[in-house]
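# Per-entry structural report
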Amino acid sequence: MGRKFEYVRRVTSTGNEFITPSFDLPKRATKNSMAYDIFSPESFELKPKETYMLKTGVKAAMREDEGLLLNVRSSMGKKHIMLANTNGWVDSDYYNNADNEGEIGLLLHNYGEETWIVNKGDKVAQAMFINFLVADDDNAEGERTGGFGSTGK
């Protein structure tokens, strides 16, 4: 399987009707950018000390020896916005899982004193594909059985 981003079905169809999403798939801003900007599929406000799960409307396909790292954009530090779990990790077997089709979720937290206003289409995070290594004596044989946060259940 190749490496790519796709929209999830919930943002591309209603019943039998195809809809063109009104926000972009993740993309790099420059040819030397190491991460892909993720765009918000909706407008929302995040009040001080609140946390919000933003369902991004996208999923990521990748090879078995790859993962996707998620972080807020560096400029969001000035606004006191962070991922509530501090880092996001997407495993290759998360793609197309039965629970949520592999939709990437961002658990955003406002630790500042001002409301953060996001408009549909704003850049809200970054995603970077990485290769990873496993130990020579690795024997993991488990199979993914769910979506967001499911491997520890």
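As shown above, the structure is provided for reference.
Described below are features of the structure shown in this document. Keep in mind that this is a model prediction, so the values were computed, not measured.

### With respect to the overall build of the chain
Along the chain, the regular secondary structure elements total 0 helices and 13 strands. Starting at the N terminus, the α and β elements of the chain follow one another as β-β-β-β-β-β-β-β-β-β-β-β-β. Relative to a compact globule of 153 residues, whose C-alpha radius of gyration would be 15 Å, the chain shows 16 Å and is just as compact. Considered along the principal axes of its C-alpha atoms, the chain spans approximately 50 × 40 × 40 Å. Per-residue burial for the chain yields a buried fraction of 39% across its 153 residues. The long-range fraction of contacts in the chain, counting pairs at least 24 apart against all pairs at least 6 apart in sequence, stands at 74%. Accessible surface computed for the chain: about 9,500 Å², of which carbon and sulfur atoms make up 48%. Positive and negative side-chain charges in the chain, numbering 19 and 23 respectively, have mean positions lying 8 Å apart.

### Side note on the sheet that holds strand β4 (residues 36-39)
An order of β4-β13-β8-β10 is seen for the 4 strands of this open sheet, with the pairing classed as antiparallel. For this open sheet the edge positions go to β4 and β10 (88-91), each flanked by a neighbour on one side alone. When strand polarity is set aside, the average angle formed by the axes of neighbouring strands in this sheet is 30°. Of the strand pairs in this sheet, strand β8 (residues 66-71) and β10 are connected by 4 bridges, and their pairing is antiparallel. Following the sheet pairing, Gly67 is matched in β10 by Asp91.

### Side note on the side chain of Glu103
The residue Glu103 is located in the loop between β10 and β11 (105-110) in this model. Under the relative-accessibility criterion, Glu103 is labelled buried at 8%. A distance of 2.7 Å separates a polar side-chain atom of Glu103 from the backbone nitrogen of Gly57. Leave out the neighbours within four places in its chain, and Glu103 touches Val8, Arg10, Lys55, Thr56, Gly57, Val58, Lys59 and Tyr94.

### Notes on the pairing of β11
The side chains of a regular strand alternate between both faces of the sheet. Summarising burial for β11: 5 of the 6 residues are buried, a large majority. Two elements, strand β6 (residues 51-55) and β11, share 5 bridges in a ladder whose sense is antiparallel. Within β11, the position partnered with Tyr52 by the bridge is Leu108. The pairing of strand β9 (residues 81-83) with β11 spans 3 bridges and is classified as antiparallel. Residue Ile81 lies in a different strand from β11, and its bridge partner there is Asn110.

### Thoughts on the nonpolar core
One finds Leu68, Leu70, Leu106, Leu108 and Trp116 to be the most contacted residues of the largest nonpolar core, which totals 27 residues. Of all elements in the fold, only β5 (44-46), β7 (58-61), β8, β9, β11, β12 (116-118) and β13 (123-131) reach the threshold of two or more residues within this core. Counting residues per element, this core draws most heavily on β13, which supplies 4 residues.

### Some points on the sheet that holds β6
Reading across from one edge, β6-β11-β9 is the order of the 3 strands in this open sheet, with antiparallel pairing throughout. Since the sheet does not close on itself, it has two edges, and those belong to β6 and β9, each with one partner. The average undirected angle you get between the axes of adjacent strands in this sheet is 35°.

### Focus on the pattern of salt bridges
All told, the structure shown has 12 salt bridges when counted by the stated rule. For Glu6, the salt bridge goes to Lys4, with nearest N and O atoms at 2.9 Å. Glu103 is the salt-bridge partner of Arg10, the closest N and O atoms lying 2.6 Å from each other. One end of the pair, Arg10, is in the loop between β1 (4-7) and β2 (13-14); the other, Glu103, is in the loop between β10 and β11, with 93 residues separating them in the sequence. In this structure Arg10 comes out as partly exposed when scored by relative accessible area, which is 47%. A single network of salt bridges, built from pairs that share partners, joins Lys4, Glu6, Arg9, Lys59 and Glu101.

Each value, and the rule that gives it
Residues numbered from 1 in each chain as written. Predicted model: local features only at pLDDT ≥ 70, side-chain atom pairs only at ≥ 80, totals over all residues. Heavy atoms only, no water. Helix = DSSP H or I, 4+ residues; strand = E, 2+ residues; numbered from the N terminus. Rg over C-alpha atoms; globule rule 2.2 N^0.38 Å. Buried < 20%, exposed > 50% of the residue type's maximum accessible area, 1.4 Å probe, protein only. Contact = heavy atoms within 4.5 Å. Areas by Shrake-Rupley, 256 points an atom, 1.4 Å probe, with all protein chains shown as cover. Lys, Arg positive; Asp, Glu negative; His and termini not counted. Charge placed at Lys NZ, Arg CZ, Asp CG, Glu CD. Pairing = 2+ DSSP bridges. Axes fitted to C-alpha atoms, helices over the stretch in contact; angles between N-to-C directions. Polar contact = N/O pair within 3.5 Å; in protein donor to acceptor, adjacent residues only side chain to side chain. Core = buried A, V, L, I, M, F, W, Y, C linked by side-chain atoms within 4.5 Å. Salt bridge = Lys/Arg side-chain N within 4 Å of Asp/Glu carboxyl O.

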